[in-house]
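Architecture and fold: a report
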Amino acid sequence: MGYPHQPHPRESLVLSKHFGTPEARTLDGWKKRGGYQALEMALGMDPVAIQNVVKESGLRGRGGAGFPTGLKWSFMKIGDGKPHYLCCNADESEPGTFKDREIMRWTPHALIEGVAIGAYAIGAETAYIYIRGEFTEPIERMEAALVEARAAGIIGPNAMGTGKTVNVWVHKGAGAYICGEETALMNSIEGKRGNPRIKPPFPAVAGLFGMPTTINNVETLAAVPHILVNGAEWYKKLGRPDNPKSTGTKLWSVCGNIVRPGNYEVEMGFPFGEFLHEVCGGALPGRTLKAIIPGGSSVPIITLEEAERGLMDYEGMVAVGTMLGSAGCIVIDSAQSMPKQIARLARFYAHESCAQCTQCREGTAWTTKILERMVAGDGTAEDFDTLLEIAENMTGKTICVLSDSCATPVISGIQKFRHEFEALITRTTVHAVPVVVA
Amino acid sequence: MSHGPSASGGATLKPSPGHHDAPHEPVFTGATRAALDELITRYPTKQAVLLPALWMLQEARGWVSEAGMAEVAALLGITPAYVKGVVTFYTMYHQHPVGKYFIQVCTTSPCNVCGAEDVVKAFLETTGCGELGVTSDDGRYTVIEVECLGACGFATPVMVNSDFLESVTPDTVPGLLARYQ
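Residues numbered from 1 in each chain as written. Chains lettered and ligands numbered in written order. Predicted model: local features only at pLDDT ≥ 70, side-chain atom pairs only at ≥ 80, totals over all residues. Heavy atoms only, no water.

1. Some details on the pattern of salt bridges
Under the definition given, this model contains 39 salt bridges over all chains. In this structure, Glu278(A) engages Arg10(A) in a salt bridge whose closest nitrogen and oxygen atoms are separated by 3.0 Å. Of this pair, Glu278(A) sits in helix H11 (residues 272-279) while Arg10(A) is found in the segment before helix H1 (27-32), placing the two residues 268 residues apart along the sequence. You can call Glu278(A) partly exposed: its relative accessible area is 38%. Residue classification places Arg10(A) among the partly exposed residues on the basis of a relative accessible area of 31%. By sharing partners, the salt bridges in this structure join Arg25(A), Arg101(A), Glu102(A), Arg105(A), Glu137(A), Arg141(A) and Glu166(B) into a single network. (Salt bridge = Lys/Arg side-chain N within 4 Å of Asp/Glu carboxyl O. Helix = DSSP H or I, 4+ residues; strand = E, 2+ residues; numbered from the N terminus. Buried < 20%, exposed > 50% of the residue type's maximum accessible area, 1.4 Å probe, protein only.)

So, in structure tokens, the structure goes:
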């Protein structure tokens, strides 16, 4: 299994400090590095006080939506007499994203600690870590660390001797991107097909097994112990001073056509151009960078020029026409065909659609079919309008956002790289005579 | 979940003859049953162990048969039809027997731009499978394309059964396969 790259001097290592150190995977090794101090502190606090520290820190969800974590926790009514649940979303399947995998592979106890604190802070005695089935090594690492933590009494019916119950279990997925959607994830744990649920009711009201539930991403929960130990003020200082809405560090997964792919941890607001060219080594020899998908495949595609103007936080990415998402940064260079890659992304969404909403089931499939026909050289000028009309009908009209996610690269791809699609059309059908496809 | 007019992906398994006719020996006896019973204590409903139970079934038999689904259904108090609905939703449960080594090559865009399609070709040629989803004549290999394996920085990731391999290139395929005979 791969080791991470040597950290770049411009990285700010908080979550990734011990990536690549096998000793940090063990309970002893983790404790030597300050592990479980935060949990001990947390179990002596009032749950609402923990929620307030996290609120004050400005921590926002790292799975893609960027919802304020402390606020989300405060929706859970402590003492309502119902069982509460915490679900840790480790279904990491968004193309381009592979950061949670590294947290689980290298620092499993960091996640257990974050999960245990999160569970206690929302009044839950049981937490499930839902890990995608393909992540065989992360599952092994997490299970091994959980066995250690239970044996040492850190989690379980009398967590750290406080008399409080915090049970943490791994639940293994079985191959479905959509189970990373929070309500689909809950259905999957319940032993059902992973179809997203209509909201409301929101999970904090009726979630897993019909009970109040919070779902947090791996990276979000792994950041919590650091916030408790170092304080909200420390966390808030990480980031650019002129943007208090994005705080802390962020793990960026970088992949595709770039010299040094891998996971990088930088402060919020880091300049994207310097990040791509300096920290990640820039384009491969003899090539130039062309397109960047900064937040996992579901966010709008931007050009290199747009990316170079961007700042790497929630607002900085919006300012250049895209989103931070899960910070799974896909780099595409001059040797690639944009229509081909956009068609490939569409096929991904068609394959992963749960098929319960018509717009998504039909839209992802027809989008793929049209794009693949264009790539094969049988496109027509009318295809642009058809694709954009389908995309329009796929946006904001379904139970979850998988449908929107398929439309996003199509819309932004045609907008920014239309010439590449047109080149495919003029090559075969000069006057754009519609082609009837059986 | 392949469906609709674009169901052209490589993940569809093609049933191979044989295997299907063997009578079903119950899987959930002895230690396996005890392990399942322990799992049930972790959840407020029995049905919540459906995915884990299907994993245990597949581990024991190599695939998930209709008879196996019926056994799970009876244990958990749900119908075989319901279990089948769940099995067919998730891509990792094999509804047919597969080769001794089940090879999944990621070809989603991040790996695609790094040459994943050539890795697929190398596997199809070296294993003798020739075609996606088809088991080689000696029963040893089945190769499919898989959607994003979540290791995009280590293109191209490949799974061989539960082994997760990283940074596979067409050149390294023959050497890798030598380990899976």
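2. Re helix H7 (residues 136-151) of chain A
If you check H7(A), its first and last C-alpha atoms are 23 Å apart, about what 16 residues at 1.5 Å a residue would give, namely 22 Å. Of the positions making up H7(A), those classed as buried are Thr136(A), Glu137(A), Pro138(A), Ile139(A), Met142(A), Ala145(A), Leu146(A) and Ala149(A). Buried-residue contacts for H7(A) involve helix H5 (99-106), helix H6 (108-121), strand E2 (124-131) and strand E3 (167-172) of chain A together with strand E3 (158-160) and strand E4 (163-165) of chain B. Among the residues trailing H7(A), Gly153(A) stands out with phi positive, at a value near 75°. (Expected span 1.5 Å × (residues − 1). Contact = heavy atoms within 4.5 Å.)

3. What to know about the interface of chain A and chain B
Listed per partner, the contact involves 66 residues of chain A and 50 residues of chain B. If you sort the residues of chain A by the area they bury against chain B, Ala174(A), Arg344(A) and His351(A) come out on top, with a joint share of 14%. In this structure, Glu117(B) and Lys340(A) form a salt bridge, with 2.9 Å as the shortest nitrogen-oxygen distance. Run the count over chain A and chain B and you get 22 residue pairs in polar contact (both at pLDDT 80 or more). Ranked by residues supplied to the side of chain A that touches chain B, first place goes to helix H14 (residues 338-352) of chain A with 9 residues. In the side of chain A that touches chain B, the residues fall into 29 nonpolar, 20 polar and 17 charged. (Buried area = accessible area lost by both parts, 1.4 Å probe. Polar contact = N/O pair within 3.5 Å; in protein donor to acceptor, adjacent residues only side chain to side chain. Nonpolar A, V, L, I, M, F, W, Y, C, P; charged D, E, K, R; others polar.)

4. A word on the packing of aromatic side chains
The description of an aromatic ring pair rests on the distance of the ring centres and on the angle between the ring planes. As enumerated under the stated definition, the model contains 20 aromatic pairs over all chains in all. Relative to Phe154(B), the ring of Phe98(A) lies with its centre 6.1 Å away and its plane at 65°, an arrangement referred to as edge-to-face. Taken together, the positions of Phe98(A) in the loop between strand E1 (84-90) and H5 and Phe154(B) in the loop between strand E2 (141-146) and E3 put the pair across two chains. Look at Phe154(B) and you get buried, because its relative accessible area is 11%. A ring pair is formed by Phe348(A) and Tyr349(A), whose centres lie 5.0 Å apart and whose planes are at 80°; its orientation type is edge-to-face. (Phe/Tyr/Trp six-rings, centres within 6.5 Å; stacked < 30°, edge-to-face > 60°.)

5. Let's talk about the sheet that holds strand E9 (residues 302-303) of chain A
Residues and elements named next belong to chain A. Strand order in the open sheet made by the 5 strands is E6-E5-E11-E8-E9, with mixed pairing throughout. Of all strands in the sheet, those bounded by a partner on one side alone are strand E6 (262-267) and E9. As defined by bridge partners, strand E8 (residues 289-293) adjoins strand E11 (residues 328-333) across 4 bridges and the pair is classed as antiparallel. When the sheet's bridge partners are listed, Ala291 is paired in E11 with Ile332. (Pairing = 2+ DSSP bridges.)

6. Quick look at the layout of surface pockets
All names here are of chain B. Put simply, the second largest pocket is a space of about 970 Å³. At 5 residues, the largest contribution of residues to the lining of the second largest pocket is made by helix H2 (residues 50-61). Here the lining of the second largest pocket is built from residues that sort into 12 nonpolar, 10 polar and 7 charged. Split by domain, the lining of the second largest pocket shows at least three residues from each of two domains, domain 1 (30-89) and domain 2 (101-178). (1 Å grid on protein atoms, 1.4 Å probe; cavity = no way out; pocket = protein on both sides within 12 Å on 5 of 7 lines; lining within 4 Å. Points joined across faces, edges and corners; volume = space filled by probe spheres on them. Domains from an automatic or database assignment.)

7. With respect to unusual backbone geometry
At the junction of Lys199(A) and Pro200(A), the peptide bond is cis and its omega measures out at -5° in the coordinates. In the segment running from Ala155(B) into Thr156(B), the intervening peptide bond is cis, with an omega of 0°. Note that Thr156(B) resides in the loop between E2 and E3. If you check the backbone angles, Met160(A) has positive phi at about 50° while not being a glycine. Looking at where Met160(A) falls in the secondary structure, it is placed in the loop between H7 and E3. Taking the relative accessible area as the measure of exposure, Met160(A) reaches 26% and is therefore partly exposed. A positive phi angle is found at Asn161(B), which is not glycine, with a value near 50°. Note on placement: Asn161(B) falls in the loop between E3 and E4.

8. A word on the domain arrangement of chain B
Domain annotation for chain B reports domain 1 (30-89) and domain 2 (101-178). Centre-to-centre separation of domain 1 of chain B and domain 2 of chain B, based on C-alpha positions: 29 Å.

9. Observations regarding the sheet that holds E2(A)
Residue and element names in this part refer to chain A. Taken in spatial order, the 4 strands make up an open sheet running E3-E2-E1-E4, and their pairing is parallel. In this open sheet, the two edge strands, each paired with only one partner strand, are E3 and strand E4 (213-217). Here the average twist between neighbouring strands, direction ignored, is 20°. Strand direction decides the pairing type here: E2 and E3, joined by 6 bridges, are parallel. Note on E3: the bridge partner recorded for Ile131 is Lys172. (Axes fitted to C-alpha atoms, helices over the stretch in contact; angles between N-to-C directions.)

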